[in-house]
Amino acid sequence: MSLRVYNTLTQSKEEFVPLQAPHVGMYVCGPTVYSDSHIGHMVGPVIFDTVKRYLTFEGYQVTWVVNITDVDDKLIIQAAKNGTSIKVLAEAVTADYLRCLEALNVTGIDHMPRATEYINEILEITENLVERGLAYPSSGDVYFDVSSDADYGKLSHRDPEELQVGARIEPSALKKHPGDFALWKGSKPGEPAWESKFGPGRPGWHIECSAMSMRFLGPSFDIHGGGLDLVFPHHENELAQSESYHEKPFVKYWMHNGLLTKNGRKISKSDPDTVVLMKDLLVKFEPDIIRGLILSSHYRSPIDFGNSRLDEIGRGLKAFRNLFERFDRVSGLSFYSLAAPTRHGDFGTDGTPFLEQVAEHRRTFLDAMNDDFNTGAALAELYELVRTLNRFADQHPLEGPATGQFVPETLAKDQWILGVTVLRELTLILGLFEAPPASSSQSDDAFVGQLMELLLHLRAELRKAKNFGLSDEIRDRLTALNVVLEDRSGGQTNWKRG
RNA sequence: GGUGCCGUAGCCAAGUGGUAAGGCAGUGGUUUGCAAAACCAUUAUCCGGCGGUUCGAAUCCGCCCGGCACCUCCA
């Protein structure tokens, strides 16, 4: 099955054929950096990071650009409130954004250009559009003339004339048509400004994306992503000005992710009750749980957020962590040290029923990803794979004391390890479980380890002596400290933080 | 008023013409000294409602009800 992608432009799923395979250019709208990131800001990055991982796995060479918009009215207002400059504000907020991306294992971004570093490119486009009569200066501002673009509205499927009906477009005597939008905004005294032939000013909201995507990906590129709320006016305007400027098709596939809601309402800075800041969330939840929530449903669906939702996801993902620990016990290796795949191909199953099952789960997973990146279905298949792996391990004495290494069991162990390697391969496509959780026993210092070893040794002696009252008390009191004990058959006891 | 999206078990969620994946929660069982973990079984005669098309529909069409987003800044 080949990859199919839903395209907002055509409102249908299309076969994915890059403009210049194996190269793929992908641009995703990043934040305007005037306040710290909330959970909603992470949906796009996580989804498109997963898109890049999958495309890379499929053999494409993806160049991914995410812009940082570091000049805007909102920045100016917020910086004034804080009594600081927009530069200082932008740097602080950008740093917060980068920390969030790192925490959620969003590693695929190749370029993160700042709008203020591309003022020349922005002015070049603006001047060109004015010279050709597609835009016009007006009292220090420059507006794009929507009526000059015959197919304006094709992305958001709107009729420009209809836009007047709602009468919610910013009215301005400076515009010829209510739908016209600013390429350049003249500055008032005291505001940040760059010199231009139209007078001192700053870029309008949409132009930076046109300038920076062209700079890094060329006039035409493959994928443009962003939140559904950006379709209009942001992407529509970006599309109009870009194609008017270079007269080439701008983007082949427009992908828009659904928005996060809280109690049914969109998470939005203008609705303060809904805002859940990432820096607060990361204190309470494993990043994999947050990433898992985002990937648990289809990217175009809205996700309703709540702490109990994250708790649920967390309980579900535990099954994976438990299996990884089992793998470490069986193999003497660490699951997290298994190598990442770079290119997929079928692996030899030698006709064994177990490996055939693993291969089947893998195919189902890849089919789901091929169907417009259906991560919800893909993740579900991973649960099935985990069950298959556990079942096999239950049926073969892979664990426990080495009692005479029969050849058939050695073979079983090799097969099982191969099966787990496939799980590693697929979890890395989703960007999940790349590293052990911060709360794991592995993160504790050596001293804690030695104390636990001592405690577990004493408890083992108690159990040998059938003093279950005391050994259970130890376990219960450790549970109260959020340390979980698991007694294995054979006398071994594992511990971990709950 | 215009443009889109959604409504599947207690909760989350996949499935877009062939007879309901998966997760959480629950119940019974295997295992265990008891737990934990794991495994097995079980939980929607039915997919918001009413009509229609079809041999056959959660899936297509029409109408209705309910929820959301965009048309103003938002990922």
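Conventions and cut-offs
- Residues numbered from 1 in each chain as written.
- Chains lettered and ligands numbered in written order.
- Predicted model: local features only at pLDDT ≥ 70, side-chain atom pairs only at ≥ 80, totals over all residues.
- Heavy atoms only, no water.
- Helix = DSSP H or I, 4+ residues; strand = E, 2+ residues; numbered from the N terminus.
- Expected span 1.5 Å × (residues − 1).
- Buried < 20%, exposed > 50% of the residue type's maximum accessible area, 1.4 Å probe, protein only.
- Pairing = 2+ DSSP bridges.
- Domains from an automatic or database assignment.
- Contact = heavy atoms within 4.5 Å.
- Buried area = accessible area lost by both parts, 1.4 Å probe.
- Salt bridge = Lys/Arg side-chain N within 4 Å of Asp/Glu carboxyl O.
- Polar contact = N/O pair within 3.5 Å; in protein donor to acceptor, adjacent residues only side chain to side chain.
- Nonpolar A, V, L, I, M, F, W, Y, C, P; charged D, E, K, R; others polar.
- Arc of directions from axis to C-beta.

1. Notes on helix H7 (residues 231-246)
Okay, so step 1: Taking 1.5 Å per residue, 16 residues should reach 22 Å; H7 reaches 21 Å between its end C-alpha atoms and fits that length.
Okay, so step 2: With 15 of 16 residues buried, H7 lies mostly within the body of the structure.
Okay, so step 3: One or two positions beyond H7, positive phi appears at Glu 247, with a value near 55°.

2. Observations regarding the sheet that holds strand E11 (residues 260-262)
Okay, so step 1: Spatial strand order, E12-E11-E13: 3 strands in an open sheet with mixed pairing. Every interior strand has two partners, whereas the edge strands, strand E12 (265-266) and strand E13 (303-305), have only one.
Okay, so step 2: Examined bridge by bridge, E11 and E13 share 3 bridges and lie parallel to one another. What sits directly across from Thr 261, in E13, is Asp 304.

3. Considerations on the domain arrangement of chain A
Okay, so step 1: Per the domain assignment, the segments of chain A are domain 1 (4-300), domain 2 (307-430) and domain 3 (441-497).
Okay, so step 2: Between domain 2 and domain 3, the contact holds 6 residues from the first and 6 residues from the second.
Okay, so step 3: Overall, the association of domain 2 and domain 3 removes approximately 410 Å² of surface from exposure, summing both partners, and the carbon and sulfur fraction of that is 35%.
Okay, so step 4: Inspection of the region where domain 2 meets domain 3 yields 1 salt bridge.
Okay, so step 5: Where Lys 496 meets Glu 325, a salt bridge forms, and the shortest distance between an N and an O atom there is 3.2 Å.
Okay, so step 6: Where domain 2 packs against domain 3, one counts 2 residue pairs in polar contact (both at pLDDT 80 or more).
Okay, so step 7: Residue classes in the side of domain 2 that touches domain 3 are distributed as 1 nonpolar, 1 polar and 4 charged.

4. Things to note about helix H14 (residues 446-464)
Okay, so step 1: Here H14 spans 27 Å end to end across 19 residues, near enough to the 27 Å set by a 1.5 Å rise per residue.
Okay, so step 2: Listing the buried residues of H14 in full gives Met 452, Leu 456, Arg 459 and Leu 462. Projected down its long axis, H14 carries its buried residues within an arc of 110°, all on one side. Turned more than 90 degrees away from the buried face of H14 sit Ala 446, Phe 447, Gln 450, Glu 453 and Lys 464, all of them exposed.
Okay, so step 3: Looking at the buried residues of H14, the elements they touch are helix H15 (468-480), strand E14 (483-487) and strand E15 (493-497).
Okay, so step 4: Positioned one or two residues after H14, Lys 466 has a phi angle of 60°, which is positive.

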